[in-house]
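In case you want the letters, here they are:
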Amino acid sequence: GHNWLVALAAAPGEARWGLAACDVTTGELELQLVAADALAGEWARLAPRELLISESGEAPPALPADARLTRRASRQFGIDGARGRLCARLGVASLDGFGLEGLDAAVGAAGALVAYLEESWPQALANLRPPRAVRADATRKPSRPIERRTRSATSSSSSITSTSGPSVVSAMLT
């Protein structure tokens, strides 16, 4: 399963939020802008263990159930510092090749997320992957035929196993 840590920053002048989500187990990093009324759906999809928000910013209209809310210094959500922090962490000169245009609030949130991990759990950054932009149209449900093909391919595979019990991250973060 996934162990998502999420940072959220208000997008200036919009009823949207910049969301950065990092699976601290795999290093997967997603960045997106989410409409305020769509936050509950993202919480259901990600089920984050912890949510980082700015200490001086407004709280989001919807909060994830069972997630720890952690307020961080607002300067950590700043776009320029975030770009520098992400570039340094990924070993690149710029973020231009990652398709993050128009996602400044999410890049700011990602900067705060990386800063938090650097301070509190640096080993989680060892596997950090390049950020992946999630666009609103990419989260729509696939058409019916694709769902059928996916379902039949999944059900014929017997090598997929699941484990139960507490995750490493939940033990580390609690």
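Residues numbered from 1 in each chain as written. Predicted model: local features only at pLDDT ≥ 70, side-chain atom pairs only at ≥ 80, totals over all residues. Heavy atoms only, no water.

Some points on the overall build of the chain
Helices and strands together make up the secondary structure of the chain, namely five helices and six strands. What you see in the chain, going N to C, is helices and strands ordered as β-β-β-α-β-β-α-α-β-α-α. Among the 174 residues that make up the chain, the fraction classed as buried is 41%. If you take every contact in the chain between residues at least 6 apart in sequence, the share linking residues at least 24 apart comes to 57%. Approximately 9,600 Å² of the chain is accessible, and the part contributed by carbon and sulfur atoms is 51%. (Helix = DSSP H or I, 4+ residues; strand = E, 2+ residues; numbered from the N terminus. Buried < 20%, exposed > 50% of the residue type's maximum accessible area, 1.4 Å probe, protein only. Contact = heavy atoms within 4.5 Å. Areas by Shrake-Rupley, 256 points an atom, 1.4 Å probe, with all protein chains shown as cover.)

Describing the environment of Gly57
Relative to the assigned elements, Gly57 resides in the loop between β4 (50–54) and β5 (68–72). For Gly57, a relative accessible area of 32% puts it in the partly exposed group. Along the primary structure Gly57 and Ala9 are separated by 48 residues, whereas in three dimensions their C-alpha atoms are 7.9 Å apart.

Looking at the pairing of strand β2 (residues 16–23)
In terms of residue burial, β2 counts as a mostly covered element, since seven of its eight residues are buried. As paired strands, strand β1 (residues 4–10) and β2 are joined by seven bridges and run antiparallel to one another. Considered in β2, the bridge of Val6 is made with Ala21. As consecutive antiparallel partners, β1 and β2 are separated by five residues, and within that stretch Gly13 has a phi angle of approximately 70°, a positive value. A loop of five residues connects β2 with strand β3 (residues 29–35), the two strands running antiparallel in sequence, and Gly27 in this loop sits at a positive phi of about 85°. (Pairing = 2+ DSSP bridges.)

Comments concerning the environment of Val134
On the secondary structure map, Val134 appears in the loop between β6 (132–133) and α4 (144–155). Of the residues examined, Val134 reaches a relative accessible area of 8% and is grouped as buried. Sequence separation between Val134 and Glu30 is 104 residues; the distance between their C-alpha atoms is 6.5 Å.

So, the sheet that holds β2
With mixed pairing, the six strands of this open sheet are ordered in space as β5-β4-β1-β2-β3-β6. Unpaired on one side and paired on the other, β5 and β6 mark the two borders of the sheet. In the sheet, β3 pairs with β6 via two bridges, with the strands oriented parallel. Pairing of Glu30 across the sheet is with Arg132, part of β6. Its contacts with the sheet put helix α1 (residues 39–46) on β1, β2, β3 and β4, and the angle it makes with β3 is roughly 155°. (Axes fitted to C-alpha atoms, helices over the stretch in contact; angles between N-to-C directions.)

What about unusual backbone geometry?
Unlike most non-glycine residues, Ala47 shows phi in positive territory, near 45°. Positionally, Ala47 belongs in the loop between α1 and β4. Its identity as a non-glycine residue notwithstanding, Asp66 has a phi of 65°, on the positive side. Relative to the helices and strands, Asp66 resides in the loop between β4 and β5.

Section: helix α2 (residues 79–90)
With twelve residues, α2 ought to run about 16 Å at 1.5 Å a step, and its terminal C-alpha atoms sit 16 Å apart, in line with that. Restricting attention to buried positions, one finds in α2 the residues Ala82, Leu86 and Cys87. An end-on view of α2 places all buried positions within 130° of arc, on one side of the element. Projecting away from the buried face of α2 at angles above 90 degrees are the exposed residues Asp80 and Ala88. Looking at the buried positions of α2, the neighbouring elements they touch are β3 and α3 (104–120). Gly91 lies just past α2 and shows a positive phi near 70°. (Expected span 1.5 Å × (residues − 1). Arc of directions from axis to C-beta.)

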